[in-house]
There are 2 protein chains.
Amino acid sequence: MGRERVLTAEEEAVNELLMSAKAAEMAYGFETLDFPPSLNFMTVRHKIEASQVFKIIKQMPKGAVLHQHDTSMTSTKWVVEELTYWPDLYMCYSKEDFLLTMFFEHPDQSCSWRLVREVRASYPSAKEFDAFLYGHLSLFTDDPEAKYPNNDILWNYFVDSLTLMNDLVTYRPAWESFLYQGLKEFCNDNVLYLELRVRLPPLYELNGTHLTVEETMAVNNNTVHRFLNDHAHLYYGTRFIYSPSRKVDNATVEEYFQLMKELRALFPDLIAGFDIVGQESKGEPLKNLLEPLLKISAAGIPVFYHAGETAWMGLDPDENVIDALLLNTSRLGHGYAIVKHPVAKAFAKKKNIPLEVCPISNQVLQLVSDLRNHPAASLVAEGFPLVVSTDSAGMLGAQGLSYDFYEAFMALGGAKADLRFLKQLAINSIRYSSLDKAKKTKLMRQWTGKWKEFVASMLEQHN
Amino acid sequence: MGRERVLTAEEEAVNELLMSAKAAEMAYGFETLDFPPSLNFMTVRHKIEASQVFKIIKQMPKGAVLHQHDTSMTSTKWVVEELTYWPDLYMCYSKEDFLLTMFFEHPDQSCSWRLVREVRASYPSAKEFDAFLYGHLSLFTDDPEAKYPNNDILWNYFVDSLTLMNDLVTYRPAWESFLYQGLKEFCNDNVLYLELRVRLPPLYELNGTHLTVEETMAVNNNTVHRFLNDHAHLYYGTRFIYSPSRKVDNATVEEYFQLMKELRALFPDLIAGFDIVGQESKGEPLKNLLEPLLKISAAGIPVFYHAGETAWMGLDPDENVIDALLLNTSRLGHGYAIVKHPVAKAFAKKKNIPLEVCPISNQVLQLVSDLRNHPAASLVAEGFPLVVSTDSAGMLGAQGLSYDFYEAFMALGGAKADLRFLKQLAINSIRYSSLDKAKKTKLMRQWTGKWKEFVASMLEQHN
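All chains use their own residue numbering, which begins from 1 and follows the written sequence. As a convention, the first chain written is A and the first ligand written is 1, with the rest following in written order. Confidence filtering applies because this is a predicted model: local features only for residues at pLDDT of at least 70, side-chain atom pairs given and counted only at 80 or more, and all residues used for totals across whole chains, interfaces and linings. Just so you know, side-chain values use all the structure's heavy atoms and leave hydrogens and water out.

Caption draft 1: Broad picture of the relation of the copies chain B and chain A. Rotating chain B by 180° and translating it 0.0 Å along the rotation axis places it on chain A, where the RMSD comes to 0.0 Å. Overall, the copies show the geometry of a two-fold rotation axis. With an isologous cut-off of 70% or more, the 100% of interface residues of chain B that recur at the interface of chain A puts this contact in the isologous class. All copies are superposed by least squares; the fitting set is the C-alpha atoms of residues with a pLDDT of at least 70 in both. Between two residues, a contact is recorded if the distance between any of their heavy atoms is within 4.5 Å.

In structure tokens, the structure reads:
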């Protein structure tokens, strides 16, 4: 990918620095088999952080993140260290022994709520309590094989973490801080633009009242604009892909459709399109929701379907790839299984429909253990359109896009992928965004400026 | 693969039986994630053996095995229970603490040799001693993750087992029994024809004298003919691909070339061609041995190179795929990495050069952990030419070809692959053999007869 690009003399010099670091790290990996992309991200994050290649990628303007979910965007560390120290946060265990949290003025009678502050004080140390909270709010663990013996067990933990996070961050002021902090983490990682998949759960106030979906969306709107105003030269903007659950019936998807139309009318700039989300092997395949989904496509609403996030072949989850394409999807969320459907693959290539490849998510969620075996490696070699994204950066223990770019660069591009590969990834992320032509041009111009600064800064550092 | 085939009414009836069993097993796997191809073969062999699909595949005439190495062909269980009970077998530990075995009339002074019979008697039970021997002679273990933390460590064990097996089975009468038994195991598994990769280490007699390579080859010749005479209606024949080590210099490959010419003159029917073997990341890449290898190709000697048995990309082992094709290889041994080289892939497809896909070997040797992620799944979907083979059946804990066919059927073909897929695999194994046209026709006729018997027998069993 990107091999037909011609680099400037300055870029060539940066490429030499980059490839010299990469060659050393590939050679070490080849010799010792201690090669981070072949091992579970959760066990080698510290090694990636020590990589020279990673350090260069961190400085690089990486364009856009096109596949990231709302409640898993912000680092769990920040959530624990900041949000859970707010007053008025309560916790309890449900009858089914699930940990619950909620902000209250006065806790209700639904559970034996205790102030988090008081529970924390009852622990031998705050650190110990925070580690306990972190364990419930993140998938990150030192021993993933022991904790997650299979994919369904892992998804159960994942859904529990997402649910717990949801109750914690949908307190309206918490959500404003969480969303702002998430954008900041991506912006700090030199990401200019985000398309967030949002489930839009209604936010709540301390007195227990709930905001409507429209009011919730207005909070989002205010927050992303406030962030943009605060970071005008560092950031381009944020859009939302409305992405409710796929574990529903046709009538519910019909309601999604009505809401989509309303939200698009209210926030035309902010709402990029539609998707349905959740574990594909447990939720409905697209073909079971065809009637309302066809209406959505017919209404000209851009769709960005999750499809084929699975290692199965010849079953519903992988065949979602075909249906997503037939439903006129603008991009394929994951599309991991597309290599097993050559006709769909050729169709997507011809129509220039890219895959949103999320290497770390695919590895942590146990689609593939060694990222050198990720099907995107062959797709990269064939010049198939794709972008690299994060999926659930915060909850997987990453921060920003650099970790996924590193994995893609080392494992999906192979030893010979160079600066042109990374540059192409950044350009693809803008090219395949939902923005209209004028806005893409504006974003591309902003990115080009940052890219030049990056090249200059790299050369300066090494002179 | 095979989807364009038209089945007879009888085959359709067998297909229904097969697919009904398969659908149940896929549904169970989808529901529980307890799906053998996604788990290390060594931990799920008993589950495969309990599978109805596997039981049908066992009865099926599977054509030919085109990728199997000599000293790993026969089940280690047989070696331990039969060969190591022979008199005159000695064992000792080398200075480097490697276990050695050797047959002697009078043991030499190179080591502190003890009779295996006596060592066995000194153990609490023969069973315990045999388990100890089995552990040294096979890769099979109940806990592969603990024993083999990475691919290099695993290869070290593998080479140790091969070395130990080599000393044990190159005693001339032991070799005759080992080779005969290996052929019997494949024949019992309804395999009609084998192309064995042989390193041709010189055999030895009890008095310590060594046979020449020509004499060794004559023993092979006699043994395979004896086996064929004993199993005329059940078996078609055996050929050898001379496959010495790739960890050598150009001068040695030049010697290989001279020996190849001599062996082809002496045993024209028996010698199919040439290959060089061993771990690709540790031995020489083809490009380093180009001068003598070009001579071999120029001499019109068929070559069957191991190439791309690796998850790396952009390094020597995966680029062997390109060089093997340029050296006019008749088939690609493994060719696992070919999906990362689309030009080489298109070239191989155009020239009809098949991959020799060995699923269990690739999994046990840690190229890929979940066979649904094996690149051959996408190749199958694309109709790329390939055969399925065993690599090292006996030493990996398999026996015959059925285990690998099962893995291919369930994981590489996906849920919808049916009897046509398996029939095509069998036909491919004949089509892509090294036999000339007349012999292929003869083998195909024999296989067709067996196939009809299989179809009739299946229908009889279920009436």
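Caption draft 2: Here's a closer look at the packing of helix 13 (residues 316-326) of chain B against helix 14 (residues 342-351) of chain B. Residues and elements named next belong to chain B. Whenever a helix is involved, its axis is fitted only over the stretch in contact; in every case the axis is a line through C-alpha atoms, and angles between N-to-C directions fall within 0 to 180 degrees. Put simply, DSSP marks the helices as runs of H or I at least four residues long and the strands as runs of E at least two long, and each gets a number from the N terminus on. Where helix 13 contacts helix 14, the axes come no closer than 10 Å and their chain directions differ by 35°. Judged by the twist between their axes, the crossing of helix 13 over helix 14 is left-handed. Listed contacts from helix 14 to V321, I322 and L325 of helix 13 are A344, F347 and A348. Grouping the amino acids of the contact of helix 13 with helix 14 by side-chain chemistry returns six nonpolar, no polar and no charged. By definition, any crossing whose near helix is turned counterclockwise from its far helix by less than a right angle is left-handed, and any crossing with a clockwise turn is right-handed. We call Asp, Glu, Lys and Arg charged. Ala, Val, Leu, Ile, Met, Phe, Trp, Tyr, Cys and Pro are nonpolar, and the rest, Gly among them, are polar.

Caption draft 3: Up close: the state of the cysteines. Residues and elements named next belong to chain B. The criterion for a disulfide is a pair of cysteine sulfur atoms lying within 2.5 Å. All chains considered together, the criterion is met by two disulfides over all chains. The side chain of C92 participates in a disulfide bridge whose partner is C111; the two sulfur atoms lie 2.0 Å from each other. Taking the sign of the S-S torsion, about 105° here, the bridge from C92 to C111 comes out right-handed. Pair noted here: C92 is in strand 2 (residues 89-93) and C111 is in the loop between strand 3 (99-103) and strand 4 (114-115), with a separation of 19 residues, a long-range link. Taken individually, C92 and C111 each receive the classification buried, so the pair is uniform in this respect. A 1.4 Å probe rolled over the protein chains alone gives each residue an accessible area, and that area as a share of the maximum for its type sets the label: buried under 20%, exposed over 50%, partly exposed in between.

Caption draft 4: A look at the domain arrangement of chain A. Residue and element names in this part refer to chain A. Just so you know, the domain bounds were taken from an automatic or database domain assignment. Partitioning chain A into structural domains gives domain 1 (57-75 + 182-449) and domain 2 (78-158). Computed over C-alpha atoms, the centres of domain 1 and domain 2 are 28 Å apart. Listed by partner, the interface residues are 17 residues for domain 1 and 18 residues for domain 2. Buried area is a sum: the accessible area each of two parts loses on coming together, probed at 1.4 Å, counted once for each and added. Around 1600 Å² of area is buried between domain 1 and domain 2 when both sides are counted, 58% of it from carbon and sulfur atoms. The largest per-residue losses of area from domain 1 upon contact with domain 2 belong to L206, L365 and M395, which jointly make up 36% of the total buried on that side. For this document, the term salt bridge refers to a Lys or Arg side-chain nitrogen within 4 Å of an Asp or Glu carboxyl oxygen. On inspection of domain 1 and its partner domain 2, the count reaches one salt bridge. Residues K282 and D152 are paired through a salt bridge, measuring 3.2 Å at the closest nitrogen-oxygen approach. Whenever two N or O atoms come within 3.5 Å, that pair is a polar contact, provided that in protein one can donate a hydrogen and the other can accept it, and provided that, for residues adjacent in sequence, both atoms are side-chain atoms. Inspection of the domain 1/domain 2 interface yields 11 residue pairs in polar contact (both at pLDDT 80 or more). Among the residues making up the side of domain 1 that touches domain 2, the classes are represented as six nonpolar, eight polar and three charged.

Caption draft 5: Expanded view of the sheet that holds strand 4 (residues 114-115) of chain A. Residue and element names in this part refer to chain A. Strand order in the open sheet made by the three strands is 3-2-4, with antiparallel pairing throughout. At either margin of the open sheet sits one strand with a lone partner, and together these are strand 3 (99-103) and strand 4. This element, helix 8 (residues 151-169), spans strand 2 (89-93) and strand 3 of the sheet and lies at about 15° to strand 3. Only when DSSP finds a minimum of two bridges between them are two strands counted as paired.

Caption draft 6: Inspection of the sheet that holds strand 1 (residues 64-69) of chain B at higher detail. All names here are of chain B. The parallel open sheet is built from four strands, whose spatial order is 1-5-6-7. Of all strands in the sheet, those bounded by a partner on one side alone are strand 1 and strand 7 (271-274). The average angle at which neighbouring strand axes cross in this sheet is 25°, direction not considered. Where strand 1 meets strand 5 (residues 193-198), four bridges bridge the pair, whose relative direction is parallel.

Caption draft 7: Representation of the side chain of H306 of chain B. Residues and elements named next belong to chain B. Inspection of the secondary structure assignment puts H306 in strand 8 (residues 306-307). There is a polar contact of 3.3 Å between the side chain of H306 and the side chain of H69. Polar side-chain contacts of H306 include one of 2.6 Å to the side chain of D275. With near-sequence residues (within four places) excluded, H306 lies in contact with H67, H69, R197, R246, D275, I276, V277, E280, G333 and H334.

Caption draft 8: Representation of the interface of chain B and chain A within the structure. Contacts between the two partners involve 41 residues from chain B, matched on the other side by 41 residues from chain A. Carbon and sulfur atoms supply 59% of the area that chain B and chain A bury against each other, a total of about 3200 Å² over both sides. Looking at the side of chain B facing chain A, the largest losses of area belong to F30, W312 and M313 of chain B, adding up to 23% of the total buried there. At the boundary of chain B with chain A, the tally comes to four salt bridges. Two residues, K416 of chain B and E319 of chain A, come together in a salt bridge whose shortest N-O distance is 2.4 Å. At the junction of chain B and chain A, the tally comes to 11 residue pairs in polar contact (both at pLDDT 80 or more). Those elements that provide at least two residues to the side of chain B that touches chain A are helix 1 (9-32), helix 8 (151-169), helix 13, helix 14, helix 16 (376-382) and helix 18 (402-412) of chain B. The residue inventory of the side of chain B that touches chain A, partitioned by class, reads 19 nonpolar, 11 polar and 11 charged.

Caption draft 9: Quick peek at helix 14 of chain B. Restricting attention to buried positions, one finds in helix 14 of chain B the residues A344, K345 and A348 of chain B. All buried residues of helix 14 of chain B lie within an arc of 100° about the axis, which places them on one face of the element. Exposed side chains of helix 14 of chain B directed beyond 90 degrees from the buried face belong to V343 and K350 of chain B. Contacts made by the buried residues of helix 14 of chain B are with helix 16 (376-382) of chain A together with helix 13 and helix 16 of chain B. At the C-terminal side of helix 14 of chain B, N352 of chain B shows a positive phi close to 60°. The directions from the helix axis to the C-beta atoms are what the arc is built from.

Caption draft 10: Molecular detail of the environment of E382 of chain A. For E382 of chain A, the position within the fold is in helix 16. E382 of chain A sits 381 residues away from M1 of chain A along the chain, and the two C-alpha atoms are 7.8 Å apart.

Caption draft 11: Representation of helix 6 (residues 126-137) of chain A in the model. Residue and element names in this part refer to chain A. Expected helix span is computed as 1.5 Å times (number of residues minus one). Between its terminal C-alpha atoms helix 6 stretches 16 Å, which fits the 16 Å expected from 12 residues at 1.5 Å a residue. For helix 6, the set of buried residues is F129, D130, F132, L133 and L137. Taken end-on, helix 6 shows its buried residues confined to a sector of 155°, consistent with a single buried face.

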